[in-house]
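Take a look at the letters that make up each chain.
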Amino acid sequence: MKTEYVDLRDGKDVKEGLYKAAEIIKTGGLVAFPTETVYGLGANGLDENAVPKIYEAKGRPSDNPLILHISEFDEIENIVKEIPDVAFVLADEFWPGPLTMVFKKSDIVPYRTTGGLESVAVRMPSNKIARELIKTAGVPVAAPSANSSGRPSPTKADHVLSDLDGKIDMVIDGGTVDIGLESTIVDVTGEVPVILRPGFITEEMLSEAIGRVKTDDAVKNLSPDKDLKPKAPGMKYRHYAPQGKMTIYKGKPEKVVKIINEETAKSEGKKTAVLATDETKRYYKADIVISVGSREDSESIAHNLFDTLRSFDDMGAEIIFSEGFDESRLGFAIMNRLHKSAGYNIVNV
Ligand code: AMP
Ligand code: MG
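The sections below set out a description of the structure shown in this document. (Residues numbered from 1 in each chain as written. Chains lettered and ligands numbered in written order. Predicted model: local features only at pLDDT ≥ 70, side-chain atom pairs only at ≥ 80, totals over all residues. Heavy atoms only, no water.)

A look at the layout of surface pockets
Link 1 in the chain: Its volume calculated, the largest pocket comes out at about 680 Å³.
Link 2 in the chain: Along the wall of the largest pocket there are 39 residues; nearest its centre are Asn64, Pro65, Ile67, Ile185 and Ala232.
Link 3 in the chain: Taken together, the elements giving at least two residues each to the lining of the largest pocket come down to β4 (67-69), β6 (119-123), β9 (184-187) and β10 (194-197).
Link 4 in the chain: The leading source of residues in the lining of the largest pocket is β6, at 4 residues. (1 Å grid on protein atoms, 1.4 Å probe; cavity = no way out; pocket = protein on both sides within 12 Å on 5 of 7 lines; lining within 4 Å. Points joined across faces, edges and corners; volume = space filled by probe spheres on them. Helix = DSSP H or I, 4+ residues; strand = E, 2+ residues; numbered from the N terminus.)

See the structure below:
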């Protein structure tokens, strides 16, 4: 299959491009498109024949459910069984935006979309291209991140093409995404809302809006507990991983720099890389050193994280040393992704 590339970065011919993209979705095809979190790989989420194509293109395990994307609040009525009060408050506060809510699904949502679950995840993205595409398609758009399963999520159209060129009908280039981390997922089906995946919307922000909220025990501790099964099925898979062997070093920056430099010196013959920060970059002596942003600005770290991990692959990094970050607020989501990238390979210094 030839993947059509449509460039909407300059804001020209947007209507025409989105019309074409919407036609593909309506007729059962796949379109990758930008959202404010990461690029999504979209199909008609109510079409049992279209949804399996997403799993096939990504190499995604079939028990890992998809998020349905809507463009207006009314569109939720067809796809969920009931809307708890708390969901109205959260939608009012955070939609459109990087928050996904899990509801009891209605009968029209196929099990292929929900990975066999009785629940369905729904989000209203704020990205203009995403929302306009969903509106034009006129169906809820199932869209997981537009990467090959296991690789870092795509934050640019180039990332999508490097994983999925030839496997999908179209990619819409809307430039680099804003946030760079996937949405926060909150299950609103129980008495107390539960965070299933941390993201840009933090636990503090949620509890400010609705009072009590919990975080799923299986993701509360950044390293997995074999006895706890994550309630978002996708959270159990190895994910966001670069090809090189990656280790996170947590501790005071001066100590981390010293130990990583000792380790790179021992890794002769292998191409070494360091995921550094603006504050520490100049002190490292590895083959590749990339700053993911400033420690003072966790939003910039979230924004650059996946692109940095992909750059290590592009440059052939074989051994990757990463600094760790403060785990409060947005830092918790950053460290959640980083721990998975490193396959939970962590050294406390
Ligand atoms: P992605 O869109 O690639 O970021 O993946 C979607 C995430 O949403 C995965 O971690 C899924 O496990 C999670 N998810 C989707 N639907 C549900 C659901 N009904 N219940 C719990 N988690 C879900
Ligand atoms: Mg994903």
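Observations concerning the sheet that holds strand β12 (residues 245-250)
Link 1 in the chain: On the basis of which strands lie adjacent, the open sheet formed by 5 strands has the order β14-β13-β15-β12-β16 and parallel pairing. Each edge of the sheet is formed by a strand with only one pairing partner; in this case those strands are β14 (288-291) and β16 (346-348). The average undirected angle you get between the axes of adjacent strands in this sheet is 20°.
Link 2 in the chain: Summarising the sheet, β12 and strand β15 (residues 319-323) pair through 5 bridges and their orientation is parallel. Bridge pairing in β15 links Thr247 to Phe321.
Link 3 in the chain: The strands that helix α11 (residues 330-341) touches are β12, β13 (272-276), β15 and β16; relative to β12, the one it contacts most, it runs at about 140°. (Pairing = 2+ DSSP bridges. Axes fitted to C-alpha atoms, helices over the stretch in contact; angles between N-to-C directions. Contact = heavy atoms within 4.5 Å.)

Describing the sheet that holds strand β11 (residues 214-215)
Strands belonging to one sheet form pairs held by backbone hydrogen bonds; the direction of such a pair is parallel or antiparallel.
Link 1 in the chain: Sheet architecture is open: 11 strands sit in the order β1-β8-β2-β3-β7-β4-β6-β5-β9-β10-β11, paired in mixed fashion. In this open sheet, the two strands that pair with only one neighbour each are β1 (4-7) and β11.
Link 2 in the chain: The pairing of strand β3 (residues 40-44) with strand β7 (residues 141-142) spans 2 bridges and is classified as antiparallel. Of the residues in β7, the one forming a bridge with Ala43 is Ala142.
Link 3 in the chain: Of the strands in this sheet, β2 (31-33), β4, β7 and β8 (170-173) touch helix α5 (residues 128-137), which is tilted by about 145° from β2.

Details of the packing of helix α10 (residues 298-314) against α11
Link 1 in the chain: The contact between α10 and α11 brings their axes to 9 Å, and the two run at 15°. The pairing of α10 with α11 is recorded here as roughly parallel in orientation. When you trace α10 past α11, the crossing you get is left-handed. Facing α10, whose interface residues are Ser298, Glu299, Ile301, Ala302, Leu305, Phe306 and Leu309, α11 presents Leu330, Ile334, Arg337, Leu338 and Ser341.
Link 2 in the chain: When its residues are assigned to classes, the contact of α10 with α11 shows 8 nonpolar, 2 polar and 2 charged. (Parallel < 35°, antiparallel > 145°, perpendicular 65-115°, else oblique. Left-handed = near helix turned anticlockwise from the far one by under 90°. Nonpolar A, V, L, I, M, F, W, Y, C, P; charged D, E, K, R; others polar.)

Concerning unusual backbone geometry
Link 1 in the chain: Cis geometry is adopted by the peptide bond preceding Pro96, which originates at Trp95 and carries an omega value of -10°.
Link 2 in the chain: By the secondary structure assignment, Pro96 is in the loop between α3 (85-94) and β5 (99-104).
Link 3 in the chain: Look at Asp13: it is not a glycine, yet its phi comes out positive at around 50°.
Link 4 in the chain: By relative accessible area, which is 56% here, Asp13 ends up exposed.
Link 5 in the chain: Positive phi values are uncommon outside glycine, yet Arg329 reaches one of about 45°.
Link 6 in the chain: In this structure, Arg329 sits in the loop between β15 and α11.
Link 7 in the chain: Overall, Arg329 belongs to the exposed group, its relative accessible area being 53%. (Buried < 20%, exposed > 50% of the residue type's maximum accessible area, 1.4 Å probe, protein only.)

Here we look at the pattern of salt bridges
Close approach of charged atoms allows side chains with opposite charge to pair.
Link 1 in the chain: If you walk through the whole model with that rule in mind, you get 21 salt bridges.
Link 2 in the chain: Between Glu263 and Lys266 there is a salt bridge whose closest N-O contact spans 3.0 Å. One end of the pair is Glu263 and the other is Lys266, both in helix α9 (residues 253-266) and 3 residues apart, which spans about a single turn.
Link 3 in the chain: In this structure Lys266 comes out as exposed when scored by relative accessible area, which is 62%. (Salt bridge = Lys/Arg side-chain N within 4 Å of Asp/Glu carboxyl O.)

Considerations on empty space enclosed by the protein
Link 1 in the chain: Scanning all chains against the criterion turns up 1 cavity of 30 Å³ or more.
Link 2 in the chain: What the largest cavity holds in volume is close to 30 Å³.
Link 3 in the chain: Together, Glu82, Pro84, Phe103, Lys104, Val188 and Thr189 line the largest cavity.
Link 4 in the chain: Across the lining of the largest cavity, the residue classes break down as 3 nonpolar, 1 polar and 2 charged.

Quick notes on the packing of aromatic side chains
Link 1 in the chain: What the rule picks out here adds up to 4 aromatic pairs.
Link 2 in the chain: Judged by centre distance (6.2 Å) and plane angle (55°), the rings of Phe73 and Trp95 are tilted. Of this pair, Phe73 sits in the loop between β4 and α3 while Trp95 sits in the loop between α3 and β5; the two residues are 22 residues apart in sequence, bridging distant segments of the chain.
Link 3 in the chain: Among the residues examined, Trp95 registers a relative accessible area of 8% and is labelled buried.
Link 4 in the chain: Arranged with centres 6.0 Å apart and planes meeting at 45°, the rings of Tyr249 and Phe321 form a pair that is tilted. Of the two residues, Tyr249 sits in strand β12 while Phe321 sits in strand β15, which places them 72 residues apart along the sequence. Neither residue differs from the other here; Tyr249 and Phe321 are each classed as buried.
Link 5 in the chain: Taken together, the ring pairs in this structure connect Phe73, Phe88 and Trp95 into an aromatic cluster.
Link 6 in the chain: Positioned above the aromatic ring of Tyr111 is the side chain of Lys105, whose terminal nitrogen or guanidinium carbon lies 4.4 Å from the ring centre. (Phe/Tyr/Trp six-rings, centres within 6.5 Å; stacked < 30°, edge-to-face > 60°. Lys NZ or Arg CZ within 6 Å of the ring centre and 35° of its normal.)

Honestly, it's all geometry; don't read function into it.
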